Amino acid sequence: MQTVFAAQVDSTPHALVVLVGPDLAMTAAAAAADAASGGQLRRALESARFDGSAGSWCELLAPHGLSATRLCAVGSGALDKAEAAVWERIGATISARLLVGGETRASVDLTGIETALPLAGAAAHLAHGAALRAYRFDKYRTTMKDKDKPTLAQLDVIGAGAAGALHAELTGIAAGVKRTRDLVSEPANIIYPESFVASASDLAGLGIELTVLDEAQMQALGMGALLGVAQGSVRPPRLLAMRWNGTGNPDAKPVVLVGKGVTFDTGGISLKPPAGMEDMKWDMGGAGAVTGAMHALAARKAKAHVVGVVGLVENMPDGNAQRPGDVVTSMNGQTIEVINTDAEGRLVLCDAIWWAQEQFDPEVVVDLATLTGAIIISLGHEYGGLFANDDGLAAQLQKAGETSGDRLWRMPIGDAYDKLIDSPIADIKNVGPREGGSISAAQFIKRFVKPGVKWAHLDIAGMVWASKAGPLWDKGATGYGVRLLDRFIAENYEL
Ligand code: BES
Ligand code: MN
Ligand code: ZN
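Rules used throughout
- Residues numbered from 1 in each chain as written.
- Chains lettered and ligands numbered in written order.
- Predicted model: local features only at pLDDT ≥ 70, side-chain atom pairs only at ≥ 80, totals over all residues.
- Heavy atoms only, no water.
- Axes fitted to C-alpha atoms, helices over the stretch in contact; angles between N-to-C directions.
- Helix = DSSP H or I, 4+ residues; strand = E, 2+ residues; numbered from the N terminus.
- Parallel < 35°, antiparallel > 145°, perpendicular 65-115°, else oblique.
- Left-handed = near helix turned anticlockwise from the far one by under 90°.
- Contact = heavy atoms within 4.5 Å.
- Nonpolar A, V, L, I, M, F, W, Y, C, P; charged D, E, K, R; others polar.
- Near = heavy atom within 4 Å.
- Polar contact = N/O pair within 3.5 Å; in protein donor to acceptor, adjacent residues only side chain to side chain.
- Areas by Shrake-Rupley, 256 points an atom, 1.4 Å probe, with all protein chains shown as cover.
- Donors = N, O, S within 2.8 Å, 3.2 Å for Na, K, Ca; no water.
- Tetrahedral: all angles 85-135°; square planar, octahedral: opposite > 155°, others 65-115°.
- Buried < 20%, exposed > 50% of the residue type's maximum accessible area, 1.4 Å probe, protein only.
- Arc of directions from axis to C-beta.
- Pairing = 2+ DSSP bridges.
- Core = buried A, V, L, I, M, F, W, Y, C linked by side-chain atoms within 4.5 Å.
- Salt bridge = Lys/Arg side-chain N within 4 Å of Asp/Glu carboxyl O.

Visitor: Mind showing me how you'd approach the packing of helix α5 (residues 164-185) against helix α9 (residues 285-299) here?
Guide: Where α5 contacts α9, the axes come no closer than 7 Å and their chain directions differ by 155°. Comparing the axis directions of α5 and α9 gives the class roughly antiparallel. Classified by chirality, the crossing of α9 by α5 is right-handed. Contacts between α5 and α9 pair G172, I173, A175, G176, R179, T180, L183 and V184 from the former with G285, G288, A289, T291, G292, H295, A296 and A299 from the latter. Of the residues contributing to the contact of α5 with α9, the split by class is 7 nonpolar, 8 polar and 1 charged.

Visitor: I tried to follow the site of ligand 1 on my own but got confused; where do I start?
Guide: Taken together, 17 residues surround ligand 1, and among them K272, D283, D342, E344 and G373 come closest. Within the side chain of K272, one N or O atom sits 2.8 Å away from an oxygen atom of ligand 1. Contact between ligand 1 and D342: an oxygen atom at 2.8 Å from a side-chain N or O atom of the residue. Taken by itself ligand 1 offers 520 Å² of open surface, and the protein chains cover 77% of this. For the shell around ligand 1, the per-class residue count stands at 6 nonpolar, 4 polar and 7 charged.

Visitor: Please clarify how the coordination of the zinc ion (ligand 3) should be interpreted in this entry.
Guide: Ideal values differ by geometry: the angle at a metal is 109.5 degrees with four tetrahedral donors, but 90 or 180 degrees with six octahedral donors. Of the protein atoms, only K260 (NZ), D265 (OD), D283 (OD) and E344 (OE) coordinate the zinc ion (ligand 3), at distances of 2.0 to 2.4 Å. Around the zinc ion (ligand 3), the 6 donor atoms sit at angles spanning 78 to 174°, and that spread fits a shape best called octahedral. Within one chain, the residues donating to the zinc ion (ligand 3) are spaced in sequence as K-x4-D-x17-D-x60-E. In this structure, the zinc ion (ligand 3) is positioned 3.2 Å from the manganese ion (ligand 2), and both are ligated by D265. Of the two residues, K260 sits in strand β10 (residues 255-265) while D283 sits in the loop between β10 and α9, which places them 23 residues apart along the sequence. Per residue, the accessibility class of K260 equals that of D283, and both read buried.

Visitor: Which parts of the structure should I look at to understand helix α2 (residues 40-47)?
Guide: Every α-helix carries 3.6 residues per turn, so stepping three or four residues along brings you back to the same face. Those residues of α2 that fall on the buried side of the exposure criterion are L41, A44 and L45. One face of α2 carries all of its buried residues, which in axial projection span an arc of 100°. Every exposed residue of α2 that faces more than 90 degrees away from the buried side is listed here: R43 and S47. Contacts made by the buried residues of α2 are with β2 (15-21), β3 (25-26), α1 (28-36), β4 (57-61) and β5 (70-75). Following α2 by one or two positions, R49 adopts a phi angle in the positive range, close to 55°.

Visitor: Quick question: what am I supposed to make of the pairing of strand β14 (residues 364-369) here?
Guide: Every other side chain in a regular strand lies on the same face of the sheet, so the side chains alternate between the two faces. Across the 6 residues that make up β14, a large majority, 6, are buried. Burial along β14 is two-sided: the face carrying V364, V366 and L368 and the face carrying V365, D367 and A369 are both buried. Relative to β14, β10 is paired through 5 bridges, and the arrangement is parallel. If you follow V255 over to β14, its bridge partner there is V364.

Visitor: How should the nonpolar core be read in this particular structure?
Guide: The nonpolar side chains of a soluble globular protein tend to be buried, and buried together. Counting 48 residues, the largest nonpolar core has F196, M294, V366, L397, L458 and F488 as its most contacted members. Broken down by element, the residue count for this core peaks at 7 residues, all from α9. Not counting residues within four places of it along the chain, the set of residues in contact with L397 comprises V366, L386, L408, A456, L458, L484 and F488. Counting residues in hydrophobic clusters, the runner-up holds 42 residues, among them A225, A230, V328 and V453.

Visitor: Help me out: how do you make sense of the pattern of salt bridges in this one?
Guide: Pairs may arise between side chains of opposite charge once their charged atoms sit close together. Enumeration according to the criterion identifies 28 salt bridges in this entry. Close ionic contact of R238 with E194 constitutes a salt bridge, the shortest N to O distance being 3.4 Å. Taken as a pair, R238 in strand β9 (residues 238-245) and E194 in helix α6 (residues 193-199) lie far apart in primary sequence, 44 residues in all. Owing to a relative accessible area of 16%, R238 belongs among the buried residues under this scheme. In this structure, R300 and D486 form a salt bridge, with 2.6 Å as the shortest nitrogen-oxygen distance. Note that R300 is positioned in the loop between α9 and β11 (305-315) and D486 in helix α15 (residues 482-492), a separation of 186 residues in sequence. Summarising the burial analysis for this pair, R300 and D486 share the class buried. When salt bridges with common partners are traced through the structure, they connect R300, D486, R487 and E494 into a single cluster.

Here it is as structure tokens:
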């Protein structure tokens, strides 16, 4: 969907959207439309018990006295308090409501509105929300009925001036979110380690430096933990690093983002039950978020040095798969007893994180992973779980979570949890008890963080995929993490 910023509504018939607040507080455009329709709009809003809260909606087809095909009122809440998130919600409501209704074009008239941010900024966030909510993944639906297909192709934002540089930035971020959603939505016969890497090759065009390690190179580096997971699959693993340095200083210490990229997780020999196993195509959601965030940062030319590293493997049961009880040696020399082959994400992350620290000497490492079902039991689908060895870093991430809407809830770590993963025959085992399963998973990763490195682990298993639509996404891939990481960098690491 394309956005056009214009001074006046074009007279060619199309959908007209106006904003109305609580107590039927009419913006100038709403009052004008109401007058032109002979009071039809107000009567409709009253009949519909329209409350004007952000995201509420009421529409009239073929309104009297107007050339518009339909007249739509979108609730704005109290406009003087409407920050960016509210404007995104308003835009998202417009695209969700009009996307498949048969309209090809809509104008939203903001003329004369005063709000909590400059009107051009509000308009840019409205357009951003509309773009995010318009995402669909229909590429494999060949028999979809015409009336189910999206029709809305253009949104005109009227009376707010040119949204300019901010709009361009937000467009870059939306493109990053789209990349993540596409990666997450694709099935595992399409996105597997090699094809994931291939799909990222165009990032070079945005100025991102790409490095790929193949199986032989990982073998030479001693990545026995990651390779142990990969050995049950006919699809060879890959490690992909994406480096963006927008500081102009080649010596700037980078922030490293690491993503779990299990392109399919059957559980391996500790096989998962069949019901719902198809969800495990999105067990690369951490890698997807990191890749989309790198796209967003480069697209908006962030003045920061950031490296995204994704560990890509497929976890399959096979004659050559690793067995429960196997002992593998990770790149940093620690031996790991693999109690459960379904606790594979931490095995992938530990080698990816170690390699990233050796390679890039970061000050900060943030990993993202669909690591445990237990985090969904703890937090549901409202917050990602945040584990950190540094309070300042945790606070930065939580704040970025609030500004971006990709929220995080801090979870505990500590020595008592760490003991739970001591192994009787190796340095560490890959699972603790069922209780506190997300925490012992975090403790496992923590054993691979170098002293002095600030580290946070985001368990996003509950956030990557939605079974119902949310404010800024339809059901399916949410794109969680991209906006979070983008704000985290913008608020803390840009010059
Ligand atoms: N990928 C799963 C975690 C997961 C579960 C993500 C549900 C999204 C939705 C992970 O690899 C896994 O299997 N974890 C196990 C760990 C257990 C064996 C200690 C789990 O959560 O059951
Ligand atoms: Mn698993
Ligand atoms: Zn997994």
